[in-house]
Amino acid sequence: MKMKYIFFGFITGSIIILTSCAQTTANNQIEAANKKEDLSKYSKAYFAAGCFWHEEALFESVKGVKEAISGYAGGTTSNPTYEACETGNTGHAESVEVYYDPSKISYETLLTVYFAGQNPIQVNGQGPDIGTQYRSIAFYTNDTEKKDIENYIQQMNASGKYNAPVAAQVMPLKKFWPAEAYHQNYIANNPGNPYVQNVSIPEIEHFQKEYPQLIKPDHKF
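By convention here, each chain's residues receive numbers from 1 onward along its written sequence. With pLDDT at 70 or above as the cut-off, local features in this predicted model cover only qualifying residues; side-chain atom pairs require 80 or more to be listed or tallied, and sums for whole chains, interfaces and linings still use all residues. As a rule here, side-chain values come from all non-hydrogen atoms in the structure, and water together with hydrogens is ignored.

A. Up close: the overall build of the protein. The helix count covers DSSP runs of H or I at least four residues long, the strand count covers runs of E at least two residues long, and both are numbered beginning at the N terminus. When its secondary structure is counted, the protein shows six helices and 10 strands. Note on classification: 1.4 Å probe, protein chains only; a residue is buried when its accessible area is under 20% of the maximum for its type, exposed when over 50%, partly exposed between these limits. A total of 221 residues make up the protein; the buried ones form 48% of that total. Of all intrachain contacts in the protein linking residues separated by at least 6 positions in sequence, the fraction that spans at least 24 positions is 74%. Accessible surface is estimated by sampling points in the Shrake-Rupley manner with a 1.4 Å probe; for residues, cover comes only from the protein chains shown. As displayed, the protein has an accessible area near 11000 Å², and 51% of this comes from carbon and sulfur atoms. Contacts are residue-level and defined by heavy atoms, with any inter-residue pair within 4.5 Å sufficient.

Rendered as structure tokens:
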């Protein structure tokens with residue numbers, strides 16, 4: 001069963017119904033254009049932190065990031081589908097594959113983006129999206145990335161800023177499975193979606209206001 005979060009707000013006599021990232025309809029299943037650009041020259045990083053719609057848009061708004069792909073990682077099920085992942089039984093979390101230019105942005109800065117763009121102490125979810133499929137995971141592909149992630153988390157835990165330990169798991173990337181086409185560039189294709197308007201965009205705006213120096217001029221929300 002898909003998790004849903006309903007928010008009722010009375011604005012000028014109307015009712016806003018806000019559903020989670022799990023909400024989709026046939027009318028919203030817009031096929032994204034095939035991404036044919038050669039991305040082989042870029043480095044890749046992998047993260048999970050709640051709904052992949054705004055994780056993708058968040059990273060793509062950052063200088064030095066060329067592309068972000070929504071997908072699934074962290075589980076054991078092969079060829080996972082969105083519907084299967086939403087059950088929470090595949091072990092996968094909604095994730096993003098980030099293509100970046102290390103001459104323009106460091107991996108440590110990507111970690112700053114990752115942790116600043118979420119509630120780092122929320123377990124098994126982010127905001128209204130609850131379940132293991134929305135858990136936070138910092139994936140590593142080599143020992144250097146693992147060390148960088150662990151050091152960053154250690155610094156966060158020692159900062160005294162949080163009243164609980166950082167919840168993100170640190171896991172080796174086994175395989176990244178790209179999500180269905182209609183999930184790619186979802187926010188750009190569905191700007192009027194209530195969840196996008198009330199959850200995704202405010203979260204991205206909050207990050208962009210905190211780190212304006214990292215944001216591409218044409219990617220401000």
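Having seen the structure, we can now continue with the description.
B. Up close: the sheet that holds strand 5 (residues 93-100). Taken together, six strands build an open sheet; the order of strands is 9-8-3-5-4-10 and the sheet is mixed. What marks the edges here is a single partner per strand, and that holds for strand 9 (169-172) and strand 10 (177-178). Paired strands are those between which DSSP finds at least two bridges. Here strand 4 (residues 65-73) pairs with strand 5 via eight bridges, running antiparallel. Considered in strand 5, the bridge of Ile69 is made with Glu97. Of the strands in this sheet, strand 3 (43-48), strand 4 and strand 5 touch helix 1 (residues 52-60), which is tilted by about 160° from strand 4. Helix 4 (residues 143-158) contacts strand 3, strand 8 (137-140) and strand 9 of the sheet and is inclined by roughly 150° relative to strand 8. Where helices are involved, their axes are fitted lines through C-alpha atoms of the stretch in contact, as for all axes, and angles between N-to-C directions lie from 0 to 180°.

C. The environment of Ser40, seen in detail. With respect to the helices, strands and loops of the structure, Ser40 is situated in the loop between strand 2 (14-17) and strand 3. Along the sequence, Ser40 and Tyr99 sit 59 residues apart, while their C-alpha atoms lie 9.0 Å from each other. Pairing of N or O atoms within 3.5 Å defines a polar contact, subject to two protein rules: one partner must be a possible hydrogen donor and the other a possible acceptor, and residues neighboring in sequence count only if both atoms are side-chain atoms. Of note is the side chain of Ser40, whose polar atom sits 2.7 Å from the side chain of Asp38.

D. Molecular detail of the packing of helix 1 against helix 6 (residues 194-210). Between helix 1 and helix 6, whose axes approach to 10 Å, the crossing angle comes to 35°. For the pair helix 1 and helix 6, the sense of crossing is right-handed. The segment helix 1 lies against helix 6, with Trp53, His54, Ala57 and Leu58 engaging Tyr195, Val196, Val199, Ser200, Glu203, Ile204 and Phe207. Grouping the amino acids of the contact of helix 1 with helix 6 by side-chain chemistry returns eight nonpolar, two polar and one charged. Handedness of a crossing is defined here by the sense of rotation of the near helix relative to the far one, left-handed for an anticlockwise turn of less than a right angle and right-handed for a clockwise turn. The classification used treats Ala, Val, Leu, Ile, Met, Phe, Trp, Tyr, Cys and Pro as nonpolar, Asp, Glu, Lys and Arg as charged, and all other residues, Gly among them, as polar.

E. The arrangement of the nonpolar core in detail. Counting residues in each nonpolar core, the largest one holds 49 residues, and the members touching the most others are Phe47, Trp53, Phe59, Leu110 and Phe115. Setting aside residues no more than four positions away along its own chain, Phe59 makes contact with Phe47, Val65, Ala68, Val96, Val98, Leu110, Val113 and Tyr114. Residues enter a nonpolar core if they are buried and are Ala, Val, Leu, Ile, Met, Phe, Trp, Tyr or Cys, with the set joined through side-chain atoms within 4.5 Å.

F. Geometry of the environment of Thr141. On the secondary structure map, Thr141 appears in the loop between strand 8 and helix 4. Along the primary structure Thr141 and Met171 are separated by 30 residues, whereas in three dimensions their C-alpha atoms are 8.9 Å apart. In contact with Thr141, other than residues within four places in its own chain, are Tyr46 and Leu173.

G. Representation of unusual backbone geometry in the model. Despite not being glycine, Asn124 has its phi angle at roughly 55°, a positive value. Examined against the element boundaries, Asn124 turns out to sit in the loop between helix 3 (107-116) and strand 6 (125-126). Owing to a relative accessible area of 33%, Asn124 belongs among the partly exposed residues under this scheme. Even without being glycine, Asn185 reaches a positive phi, approximately 55°. Structurally, Asn185 is set in the loop between strand 10 and helix 5 (186-189).

H. Quick peek at helix 1. Within helix 1, nine of the nine residues are buried, which leaves it mostly tucked inside the rest of the structure. Taken together, the buried positions of helix 1 are occupied by Phe52, Trp53, His54, Glu55, Glu56, Ala57, Leu58, Phe59 and Glu60.

I. Broad picture of the pairing of strand 4. Burial runs high along strand 4: eight of the nine residues are buried. Here strand 4 pairs with strand 10 via two bridges, running antiparallel. Across the sheet, residue Tyr72 finds its bridge partner in strand 10, namely Trp177.

J. Seen up close, the packing of helix 3 against helix 4. The interhelical angle for the contact between helix 3 and helix 4, taken along N-to-C directions, is 50°, at an axis separation of 10 Å. By the angle between their axes, helix 3 is oblique relative to helix 4. Here helix 3 runs over helix 4; the crossing is right-handed. Between helix 3 and helix 4, the contacting residues are Tyr107, Glu108, Leu111, Thr112 and Phe115 on the first element and Glu145, Asp148, Ile149, Tyr152, Ile153 and Met156 on the second. Orientation categories follow fixed angle ranges, with anything under 35 degrees roughly parallel, anything over 145 roughly antiparallel, 65 to 115 roughly perpendicular, and all other angles oblique.

By themselves, these are just geometric observations and shouldn't be taken as functional.
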